[in-house]
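Chain residues, written in single-letter form:
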Amino acid sequence: MVSVEPGLTRRWRSGSNAVLLVRSPDDPDRVRAALTAGLADIAALGPAFAPEPIAVPAGHLMIIDFGTRPPSRFATVPDLIAGRLVAAGITDAAITTPSRIGDRYAVVTGLGPIARAWLRGPAGRPLGDAPRGAGDLLRIAAGWVRDTAPGLPPRGVVVSAEVELAWPGVVDALLPALRTGAPVSVVASDFATTATVAAVAGTLGGTVKQATLTAAGQDVTLAMRAQRDLARAAAERLAWAGVEAAPTARDALSTHWEGRRPGGEHVPDLIVPDAMWFQVLSPGHLARLGGPPPGAEPLGAGRVGLTVGEPEQWLPGHPDEAGVRARAGQLLAACLVNEDTGLRLMRERLTAARARDTDGFFPGR
């Protein structure tokens, strides 16, 4: 029997989207094929966005962005999915609403001040020479959460749905979702006073790999030092990394630079988003800077690490914050570009990638 959660569609609201969880003990590949076929039926209803099914430990997530259309237009979606499952010979399945992140995650993102590390992997082919996919960053990030919060159980967030996790299987549980392009997070928190959060994404077909590590409700300076140690140890696997302090954890579930250096996420090996306490700089940064900046330390594979001041000087409101930030800005000036330059560098990279594309990454080339 394929069951549908009673009242499922009545909870959908305008201006939002629907997230469904499809559970079945049947072969996951058969289920996924049936759900993928169901996307054609859903597309006919005119959603703004309906990505491919996302595999999670409990089943498959399906997302339907209503756009400007009323949710009532999509009321038949559960029945359409059920029909595709039955047509594929899958008769044991449940279509339900997954657990969504809510008020207790607002507690997490409201904690502060925090230590935050930014990690960017080398660009995947054809934007760069590295393989596509952010699995390596997920392994680094999940290991950091495990080591930083050993007494708290891990929880996963895929898009906006919460999934149950357990050590040591966190990476294996989240890799399938990450490979479909969905952002994932690992959260270890008491949802009251402390949180350790790692967010990972592989955007643009896994070519742009990014992660953030957030430590909240902890000694910020100790956490910053530990994040620097991690970035140093992983430097040869990164295009760039930065460690800073921030007032709150409001962006803990995001990997984006949130308005810093627009266009720069496609060229993290050339520019940096901001002046920070510590940064890993790769050969592309050093070429723009004319060599390692004063005080830089060699990290191997052409990378250097740059630390400016002490971590406590970077805490929000510290009397030395403006001074150390200005010093870091001077040292990194050639990599702190404006929006026009960031977009130009991005376009140049995309143009070069299109010219050497040999596996059809750019359709219609």
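Our subject is the structure that appears above.
Residues numbered from 1 in each chain as written. Predicted model: local features only at pLDDT ≥ 70, side-chain atom pairs only at ≥ 80, totals over all residues. Heavy atoms only, no water.

### Some words on the packing of aromatic side chains
Geometrically, a pair of aromatic rings is defined through the distance of the ring centres and the angle of the planes. One pass over the full model with this rule turns up 4 aromatic pairs. Between the aromatic rings of W12 and F66, the centroid separation amounts to 5.6 Å while the plane-to-plane angle is 40°, which identifies the pairing as tilted. Taken together, the residues span a long stretch of sequence, with W12 in the loop between β1 (2-4) and β2 (17-23) and F66 in the loop between β4 (59-65) and α2 (77-87) at a distance of 54 residues. Here W12 matches F66 in class, with each residue buried. Counting every residue linked through ring pairs, the aromatic cluster contains W12, F66 and F74. Residue placement shows R104 over the ring face of F191; its charged tip is 4.2 Å from the ring centre. (Phe/Tyr/Trp six-rings, centres within 6.5 Å; stacked < 30°, edge-to-face > 60°. Helix = DSSP H or I, 4+ residues; strand = E, 2+ residues; numbered from the N terminus. Buried < 20%, exposed > 50% of the residue type's maximum accessible area, 1.4 Å probe, protein only. Lys NZ or Arg CZ within 6 Å of the ring centre and 35° of its normal.)

### Observations regarding the environment of P293
In this fold, P293 is placed in the loop between α8 (283-289) and β14 (297-300). On the basis of relative accessible area, P293 is assigned to the buried category, the value being 7%. It is 7.7 Å that separates the C-alpha atoms of P293 and L332, two residues lying 39 residues apart in sequence. Excluding its chain neighbours within four sequence positions, the residues that come into contact with P293 are L281, L286, L306 and L331. (Contact = heavy atoms within 4.5 Å.)

### Section: the sheet that holds strand β5 (residues 93-96)
Within the open sheet, the 5 strands sit side by side as β1-β5-β2-β4-β3. Their pairing is mixed. Each edge of the sheet is formed by a strand with only one pairing partner; in this case those strands are β1 and β3 (54-56). Strand-to-strand twist in this sheet, taken as the mean axis angle between neighbours without regard to direction, amounts to 25°. Bridging between β3 and β4 involves 3 bridges; their strand directions are antiparallel. Across the sheet, residue V56 finds its bridge partner in β4, namely G59. Contacting β2, β3 and β4, helix α1 (residues 28-43) runs over the sheet at an angle of about 10° to β4. Where α2 meets the sheet, it contacts β1, β2, β4 and β5, and its direction lies at approximately 165° from that of β5. (Pairing = 2+ DSSP bridges. Axes fitted to C-alpha atoms, helices over the stretch in contact; angles between N-to-C directions.)

### Focus: unusual backbone geometry
Here the amide bond leading from R125 into P126 is cis, since omega sits at 5°, within 30 degrees of zero. Topologically, P126 is positioned in the loop between β6 (114-120) and α4 (135-148). Phi is positive for F191, which is not a glycine, with a value near 55°. Checked against the element boundaries, F191 lands in the loop between β9 (184-189) and β10 (195-202).

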